[in-house]
Amino acid sequence: MKIKSFILPVILLVLLVACATTGPKGPAQKEPDSVPALPGSEPEPGPEPEPEPAAEPPFDFALYKPNELGEIPVLMYHNIREPEAVWTRTPDNFRADLQRFYDLGYRLVSLTDVVTNNINIPAGTSPLVLTFDDGSAGHFRLIKNEKGEIIVDPDCAVQIILDFAGKHPEMGTAATFFAHLPHPFAQADSWYTGEHRTWKLEKLVEWGMEIGNHTLNHLNLRRDIKSPQQLLEQLGKPHRLLAEILPAYKMNSLSLPYGIGPLDEWKDYLYSGEYQSTAYRHDAVVLVGSGPAKPYNHKDYSPAAMPRIRASNYPDGGESNFLDRALERLAKTRYISDGDPDTVTFPESALESFNIESLGGKKLRCYRPEE
Ligand SMILES: [Zn+2]
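The text that follows walks through the structure, step by step, so that each part is easy to find. (Residues numbered from 1 in each chain as written. Predicted model: local features only at pLDDT ≥ 70, side-chain atom pairs only at ≥ 80, totals over all residues.)

A look at the nonpolar core
Core analysis: the biggest nonpolar cluster contains 66 residues, and Val 74, Leu 75, Val 129, Ala 157, Ala 175, Phe 177 and Ile 309 have the highest contact counts within it. Setting aside its immediate chain neighbours within four residues, Val 129 contacts Ile 72, Val 74, Leu 75, Val 109, Leu 111 and Val 114. (Core = buried A, V, L, I, M, F, W, Y, C linked by C-beta atoms within 7 Å. Buried ≥ 20, exposed ≤ 12 C-beta atoms within 10 Å, placed from the backbone. Contact = placed C-beta atoms within 7 Å.)

Some details on unusual backbone geometry
Note the cis peptide between Glu 82 and Pro 83, where omega equals -15 degrees. Here Pro 83 shows up in the loop between β2 (79-80) and β3 (88-89). Going from Leu 181 to Pro 182, the amide bond is cis rather than trans, its omega being 10 degrees. Of note, Pro 182 is situated in the loop between β8 (176-179) and α6 (194-206). Notably, Gln 276 is not glycine yet its phi reads approximately 45 degrees, a positive angle. (Helix = DSSP H or I, 4+ residues; strand = E, 2+ residues; numbered from the N terminus.)

A look at helix α8 (residues 322-333)
Along its 12 residues, α8 runs 16 Å from first to last C-alpha, staying within 8% of the 16 Å computed at 1.5 Å per residue. Taken residue by residue, α8 has Phe 322, Leu 323, Ala 326, Leu 327 and Leu 330 as its buried positions. Angularly, the buried residues of α8 cover 115 degrees about the axis, an arc narrow enough to put them on a single face. Of the residues in α8, the exposed ones pointing more than 90 degrees away from the buried face are Asp 324, Glu 328, Ala 331 and Lys 332. Where α8 is buried, its residues meet β14 (309-310). (Expected span 1.5 Å × (residues − 1). Arc of directions from axis to C-beta.)

Points about the packing of helix α3 (residues 91-103) against helix α5 (residues 157-167)
Taken N-terminus to C-terminus, the directions of α3 and α5 make an angle of 35 degrees; their axes are 10 Å apart at the nearest point. Pair α3 / α5 crosses with right-handed handedness. Of the residues in α5, those in contact with Pro 91, Phe 94, Arg 95 and Leu 98 of α3 are Ala 157, Ile 160 and Phe 164. Grouping the constituent residues of the contact of α3 with α5 by class yields 6 nonpolar, no polar and 1 charged. (Axes fitted to C-alpha atoms, helices over the stretch in contact; angles between N-to-C directions. Left-handed = near helix turned anticlockwise from the far one by under 90°. Nonpolar A, V, L, I, M, F, W, Y, C, P; charged D, E, K, R; others polar.)

Printed below as a string of structure tokens:
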């Protein structure tokens, strides 16, 4: 075990050298334009030379300050409706949240983007994940307009996200809805049918949103589960039910009801299992509280227990302003993209948090910010 503790400082040292030499300073090496012809040799007639591509300007670290080891807010919403309460955000407050995130430089990414290390947003912007628990009607509601036509309620979360992206396309539309199957959005109007439900789920996917598992019956998995079979039903049956509605779609994330997992000896079932010959796999298991998440290349990245931030600043006993406090913290700690999903960039000061084994086929770029 001595070797490990010896190798790590060596790796860090090598990286440190890389950091020190990958700064923004120094003129770019100029390649000679062409090989000079030897005296007496005739230049061969050939095809017209291709125009040389303009050299890419060097990456401006000082401008973007990329830190792809910084924290990612995974926000947790519950009801979207009137009035504002501990577990309820009003439609207008949710609109204001989106505007605030956008103005602060956040862009929506999916949970899948986070767990596959495929965050693809412009340089200088930061990823933010929206999640919605419990599949309440305010997440995705169909209503009839005055002409009797069925439309998406402009005050439901899905339409609010779409409308915002209509005005600011670069914000994106990613969001994950942790709903209960087979009735994902608890809509109970007499005219509402299974076809409407299927339409909703198909549209969600088409619009770049995700469906996540919130278990079959929202039990307390530690207190109420008495056997592995019961746990498999709670975790796996929603996958079977969704396969009947949307055969091509696979849920890859799980939100634990109350943020509570099962007994330790059954914990592996959270991540994968099989229920009545339907196999499932959860690449992300999200919790209820309480801070931002570490990104994929961070040594403390924890997709199996991913923290979320309650998207609320409603007074709740001694605890309030979860959202404001988180955004304040994130002003200093947040992930800032380098704009290139194939390169992992961070300042030298973050080096100790880097998990070198997570790099995969990506390029590493570590820089020393100018004083
Ligand atoms: Zn819940």
